[in-house]
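Summary of the model geometry
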Amino acid sequence: MNKRNDKRSAARVVREQIQREKRRKRTAWIAIVAVGVLAIGGVIGWSIYASQKAGQVNTPAQANADGNAIMTGTGPIIVEDYIDFICPYCKVYHDEANATLSQLIEDGKITLVQHPVAYLDRYSTNQYSTRASAAAACAADDGKFDVYTNALFANQPKEGSAGPTDEELIMLGTDNGLSESFAQCVRDKKYVSWAGKVSSDASKAGVTGTPTIFVNGKKIQASSAAIVAAVNEASTATPSPTS
Amino acid sequence: MQWVSLLVRLGLAAVFLTAGALKVTDLPASGRAVVAYELMPNDLAMTVGAIQPFFEIALGLLLLLGLATRFAAWVSAATMVVFISGIVSAWARGLNIDCGCFSKGGHLPPGQTPSYLPEILRDVGFLAMAIFLIIFPASRFSLDGWLNPVVQDEGEQTHEQAE
């Protein structure tokens with residue numbers, strides 16, 4: 001090894017070191033950019049969520065005190081149900097239990113508090129859950145929430161398909177004796193924000209699926225037999241009205 | 001190995017992009033999927049659920065482009081560990097939920113049993129892919145390779161040039 005060779009290899013070591021240092025710096029910059037990309041993604045998500053949460057909510061006149069359900073009847077026992085108009089099990093529950101519930105309301109035994117949540121917007125291609133819930137609230141303003149609910153379940157769209165459009169929802173209403181103000185209410189999307197509130201309140205109440213039924217705050221099976229049993233139990237336990 | 005890394009990288013990118021895209025159209029539902037795990041207070045869970053799809057898409061894009069691959073692989077691995085522990089804990093507590101990994105989420109209707117084991121195995125598979133990328137981050141067609149080519153590291157490049 002002569003001197004020149006030593007010098008050359010020393011220079012190469014230095015050059016390599018500089019290059020490695022440059023590379024390390026570049027890697028650090030790339031990492032910073034990557035963190036930035038993830039952070040931007042998070043901030044976008046958060047801001048969209050925040051903007052969806054805020055905003056004014058119209059509440060139908062027939063709503064309960066919390067403004068997140070439609071009340072029918074004046075009985076002392078509170079039967080609460082959470083349903084989504086596109087959920088097949090909700091239709092099964094509705095078809096099976098509706099007559100029993102109507103009878104209990106007529107007998108003055110219960111107050112039915114119904115939360116038409118829009119949990120399953122993803123099951124239709126046109127946010128049917130939200131629009132059906134909003135239309136049902138419009139029907140409630142006409143005093144025909146129960147009639148319209150029956151009609152919605154009788155015409156339930158298949159999951160994964162396009163649900164009825166707003167115009168079709170209006171037709172369904174007018175076919176069932178709803179007025180022009182109902183049509184206007186649906187067209188104005190008056191209660192679309194309300195459907196969102198019903199859903200987020202239901203989620204806060206720990207309702208993670210539909211149908212979910214409570215009798216005086218106690219969760220029960222979604223069937224007429226379970227409702228009757230719970231109502232009987234509640235009426236013997238506390239005969240005095242609480243609401 | 002760079003070709004294998006490319007396949008793993010693109011595979012993992014597809015996983016995150018799909019998972020994110022399926023949830024991003026319905027943020028409240030994504031939030032409710034997190035709520036169903038009953039691990040966080042409601043407001044926090046809803047917020048996490050809203051952010052998660054965007055986070056997944058951003059992570060998927062990093063992997064797709066091959067930008068900061070090793071870093072993205074670490075984040076992917078950490079994310080998978082969180083998902084797997086979430087499912088395991090839901091299973092251990094006997095919750096009857098959909099994992100909400102790819103869309104849906106929330107409580108299952110009565111009569112339907114959750115499929116926790118396949119979900120966990122699938123996520124372990126994704127975790128393995130992420131770990132592979134941590135070990136072999138260099139891949140073909142990556143932004144990393146273009147922005148920051150390997151120079152004389154352990155003489156690797158000299159070998160390649162020689163061959």
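None of the values given here were measured: they were computed from a predicted structure.

Parameters at a glance
Residues numbered from 1 in each chain as written. Chains lettered and ligands numbered in written order. Predicted model: local features only at pLDDT ≥ 70, side-chain atom pairs only at ≥ 80, totals over all residues. Helix = DSSP H or I, 4+ residues; strand = E, 2+ residues; numbered from the N terminus. Buried ≥ 20, exposed ≤ 12 C-beta atoms within 10 Å, placed from the backbone. Contact = placed C-beta atoms within 7 Å. Nonpolar A, V, L, I, M, F, W, Y, C, P; charged D, E, K, R; others polar. Core = buried A, V, L, I, M, F, W, Y, C linked by C-beta atoms within 7 Å. Pairing = 2+ DSSP bridges. pLDDT = per-residue confidence, 0-100. Axes fitted to C-alpha atoms, helices over the stretch in contact; angles between N-to-C directions. Parallel < 35°, antiparallel > 145°, perpendicular 65-115°, else oblique. Expected span 1.5 Å × (residues − 1). Right-handed = clockwise from strand over helix to strand, strands pointing away.

Section: the overall build of chain B
Scanning chain B from N- to C-terminus turns up 7 helices and 2 strands. N-terminal to C-terminal, the α/β element order of chain B is α-α-α-α-β-β-α-α-α. Scored against the burial criterion, the 163 residues of chain B give a buried share of 44%. Intrachain contacts of chain B at a sequence separation of at least 6 include 69% that bridge at least 24 residues.

Some remarks on the interface of chain A and chain B
At the interface, 30 residues of chain A touch 35 residues of chain B. Elements represented by at least two residues in the side of chain A that touches chain B include exactly helix 1 (3-53) and helix 7 (192-204) of chain A. The greatest single-element share of the side of chain A that touches chain B, amounting to 20 residues, is contributed by helix 1 of chain A. In terms of residue class, the side of chain A that touches chain B is made up of 13 nonpolar, 11 polar and 6 charged.

Details of the nonpolar core
Core analysis: the largest hydrophobic core is formed by 102 residues, its most contacted members being Val79(A), Ala136(A), Cys138(A), Ala139(A), Leu12(B), Leu59(B) and Ala72(B). Per-element accounting of this core gives the leading share, 12 residues, to helix 3 (residues 42-65) of chain B. With near-sequence residues (within four places) excluded, Leu59(B) lies in contact with Leu38(A), Phe16(B), Ala72(B), Val75(B) and Ser76(B).

Observations regarding the environment of Ala77(B)
Residues and elements named next belong to chain B. Here Ala 77 shows up in helix 4 (residues 69-92). Given 20 C-beta atoms within a 10 Å radius, Ala 77 is considered buried. As a C-alpha pair, Ala 77 and Leu 127 span 50 residues in sequence and 5.3 Å in three-dimensional space. Not counting residues up to four positions away in its chain, the partners in contact with Ala 77 are Leu 127, Ala 130, Ile 131 and Ile 134.

Regarding the pairing of strand 4 (residues 212-215) of chain A
Residues and elements named next belong to chain A. Inspection of the sheet shows strand 2 (residues 77-83) paired to strand 4 by 4 bridges, in the antiparallel sense. Within strand 4, the residue paired with Asp 81 across the bridge is Ile 213. Count of turn residues in the strand 4/strand 5 (residues 218-220) antiparallel hairpin: 2 residues, of which Asn 216 carries a positive phi of about 45 degrees.

Some words on the environment of Asp142(A)
Residue and element names in this part refer to chain A. For Asp 142, the location among the structural elements is in the loop between helix 3 (128-141) and helix 4 (145-154). When the C-alpha atoms of Asp 142 and Ser 181 are compared, they prove to be 8.1 Å apart, with 39 residues separating the residues in sequence. Each residue touching Asp 142, except ones within four places of it in the same chain, is listed here: Leu 178, Ser 179, Ser 181 and Phe 182.

A short note on the confidence of the model for chain B
Residues and elements named next belong to chain B. Per-chain confidence: chain B averages 85 in pLDDT, with 85% of residues scoring 70 or above. Taken together, the stretch residues 152-163 has pLDDT below 50 and engages in 7 contacts with residues farther than four places along the chain or on a different chain. Overall fold confidence (pTM) sits at 0.72, and the ipTM for the predicted complex is 0.76.

Focus on the sheet that holds strand 3 (residues 110-116) of chain A
All names here are of chain A. Sheet architecture is open: 5 strands sit in the order 1-3-2-4-5, paired in mixed fashion. Two strands in the sheet have a free side with no partner beyond their single neighbour: strand 1 (70-72) and strand 5. Here the average twist between neighbouring strands, direction ignored, is 25 degrees. Across 3 bridges, the pairing between strand 4 and strand 5 is antiparallel.

What to know about the packing of helix 2 (residues 88-106) of chain A against helix 8 (residues 224-237) of chain A
Residue and element names in this part refer to chain A. At a minimum axis separation of 9 Å, helix 2 and helix 8 run at an interaxial angle of 25 degrees. One finds that helix 2 runs roughly parallel with respect to helix 8. Contacts between helix 2 and helix 8 involve Glu 96, Ala 97, Thr 100 and Leu 104 on the former and, on the latter, Ser 224, Ile 227, Val 228 and Val 231. Class assignment for the residues of the contact of helix 2 with helix 8 results in 5 nonpolar, 2 polar and 1 charged.

Details of helix 1 (residues 2-24) of chain B
Residues and elements named next belong to chain B. Here helix 1 spans 32 Å end to end across 23 residues, near enough to the 33 Å set by a 1.5 Å rise per residue. Turning to helix 1, its buried residues number three or more, namely Ser 5, Val 8, Arg 9, Leu 12, Ala 13, Val 15, Phe 16, Ala 19, Gly 20 and Lys 23. Buried residues belonging to helix 1 abut helix 2 (27-35), helix 3, helix 4 and helix 5 (116-135).

Observations concerning helix 3 of chain A
In this model helix 3 of chain A runs 20 Å from its N-terminal to its C-terminal C-alpha over 14 residues, within 8% of the 20 Å that 1.5 Å per residue would give. The buried fraction of helix 3 of chain A is high, at 14 of 14 residues.

Let's talk about the pairing of strand 3 of chain A
All names here are of chain A. Most of strand 3 sits inside the fold, with 7 of its 7 residues counted as buried. Both strand 1 and strand 3 contribute to a ladder of 3 bridges, which runs antiparallel. Each residue of the ladder has a partner; that of Thr 72, found in strand 3, is Leu 112. Across 7 bridges, strand 2 lies against strand 3 in parallel orientation. Residue pairing for strand 3: Asp 81 is matched across the bridge by Gln 114. As for the winding sense of the linkage, the β-α-β connection from strand 2 through helix 2 to strand 3 is right-handed.

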